[in-house]
Amino acid sequence: MTDYKNIVFDMGRVLADYNADNATQEYTSDPAVIREVNLLVYHSGEWIMLDAGLIREDDALKKMMSRASSEEVRNAVRFSFQNWDRYNLTPHPGMGALVRDLRAKGKKTYILSNVSVRLDHGEWKKHLETPDLFDGVFLSAPHKVLKPQRQIYEMFLDEFHLHASDCLFIDDLPRNVDAARSCGLGGYVFDGDVQKLRDYLGL
């Protein structure tokens, strides 16, 4: 690995585990309802627009609920959407220690993530083991841009006055890593194996 000065992390499925069904399962155990809510909420165009900061939460919820097949599903959609941040994100075991070890080696650490406005203003900190050990955080919704758009990487670099060649970007989606590489950053596709990532980082 090139000796990168700056290690840049995605949040969901990297620093934090993410399961889109957790909130719905707090409301119902019906697999058909859980499956429909997953599609209506977490695989919807509105969900993408929320990450991009292009729609209000109440407007997104109305559109999601309007497509539900029954009153039961509508109620489940409402509950899941209103509570996803309480149940769907949990710290990924071992990533807090990894960040601490990077800092001990003199590395700077950053977050670059597609995140809904709900997690803006520091709400994202509730879902990480070491939220205060980052030199900078760049979230998509406030900037109205999304990975893998080239613009988000360029805006991130400008925001923190970083050189692309000094940065390693870690994400679970190959398309996001490929986009980062096209902007001159190093890239690593995280598959959930923290020890493999530690080995790659020389920790």
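Since the structure is predicted, the reported quantities are computational estimates derived from the model, not experimental observations.

1. A few points about the overall build of the chain
In step 1: In terms of helices and strands, the chain carries 10 helices and seven strands.
In step 2: Here the C-alpha radius of gyration of the chain, 18 Å, is about what a compact globule of 203 residues would show, namely 17 Å.
In step 3: Dimensions of the chain along its principal axes, counting C-alpha atoms only, are 55 × 30 × 25 Å.
In step 4: Sorting the 203 residues of the chain into buried and exposed places 51% on the buried side.
In step 5: Relative to all contacts within the chain whose residues are 6 or more apart in sequence, the contacts with residues 24 or more apart total 70%.
In step 6: Separation of charge centres in the chain, based on 25 positive and 31 negative side chains, amounts to 2 Å.

2. Quick look at the nonpolar core
In step 1: Core analysis: the biggest nonpolar cluster contains 47 residues, and Phe9, Trp47, Val77, Met95 and Ile170 have the highest contact counts within it.
In step 2: Once you skip the residues sitting within four places of it in the chain, Val77 turns out to touch Val37, Leu40, Val41, Leu61, Met64 and Met65.
In step 3: With 18 residues, the next largest nonpolar core counts Tyr153, Leu157, Leu162 and Ala180 among its residues.

3. Overview of the environment of Asp171
In step 1: Locating Asp171 in the fold gives a position in strand S6 (residues 167-171).
In step 2: For Asp171, a relative accessible area of 0% translates into the label buried.
In step 3: Residues Asp171 and Leu133, 38 residues apart in the sequence, show an inter-C-alpha distance of 18 Å.
In step 4: Residue contacts for Asp171: discarding those within four places in its chain leaves Asp10, Val14, Lys147, Asn176, Val177, Tyr188, Val189 and Phe190.
In step 5: Among the polar contacts listed, one links the side chain of Asp171 to the side chain of Asn176, at a separation of 3.4 Å.

4. Focus on the environment of Lys144
In step 1: With respect to the secondary-structure elements, Lys144 resides in the loop between helix H7 (140-143) and helix H8 (150-160).
In step 2: Sequence separation between Lys144 and Val14 is 130 residues, and the spatial gap between their C-alpha atoms is 22 Å.
In step 3: Those residues in contact with Lys144 that lie beyond four places of it in its chain are Ala52, Gly53 and Leu54.

5. Looking at the pairing of strand S4 (residues 108-113)
In step 1: Of all six residues in S4, five are buried; the element is thus mostly enclosed.
In step 2: Relative to S4, strand S1 (residues 6-9) runs parallel, the two sharing four bridges. What sits directly across from Val8, in S4, is Tyr110.
In step 3: Sheet topology places S4 next to strand S5 (residues 136-139); four bridges connect them, and they run parallel. Bridge pairing in S5 places Leu112 opposite Phe138.

6. Here we look at the pattern of salt bridges
In step 1: Summed over all chains, the structure comprises 16 salt bridges.
In step 2: Asp85 is the salt-bridge partner of Arg118, the closest N and O atoms lying 2.8 Å from each other. With Arg118 in the loop between S4 and S5 and Asp85 in helix H5 (residues 71-87), this pair connects stretches of sequence that are 33 residues apart.
In step 3: Among the residues examined, Arg118 registers a relative accessible area of 16% and is labelled buried.
In step 4: Judged by its relative accessible area of 18%, Asp85 is buried.
In step 5: Of the charged contacts, one joins Glu154 and Arg150 as a salt bridge, the two residues approaching to 2.9 Å between their closest N and O atoms. Remark: Arg150 and Glu154 occur in helix H8; sequence separation between them is four residues, near one turn of the helix.
In step 6: For Glu154, a relative accessible area of 35% puts it in the partly exposed group.
In step 7: Residues joined in a network through salt bridges with shared partners are Asp10, Lys147 and Asp171.

The rules we used
- Residues numbered from 1 in each chain as written.
- Predicted model: local features only at pLDDT ≥ 70, side-chain atom pairs only at ≥ 80, totals over all residues.
- Heavy atoms only, no water.
- Helix = DSSP H or I, 4+ residues; strand = E, 2+ residues; numbered from the N terminus.
- Rg over C-alpha atoms; globule rule 2.2 N^0.38 Å.
- Buried < 20%, exposed > 50% of the residue type's maximum accessible area, 1.4 Å probe, protein only.
- Contact = heavy atoms within 4.5 Å.
- Lys, Arg positive; Asp, Glu negative; His and termini not counted.
- Charge placed at Lys NZ, Arg CZ, Asp CG, Glu CD.
- Core = buried A, V, L, I, M, F, W, Y, C linked by side-chain atoms within 4.5 Å.
- Polar contact = N/O pair within 3.5 Å; in protein donor to acceptor, adjacent residues only side chain to side chain.
- Pairing = 2+ DSSP bridges.
- Salt bridge = Lys/Arg side-chain N within 4 Å of Asp/Glu carboxyl O.

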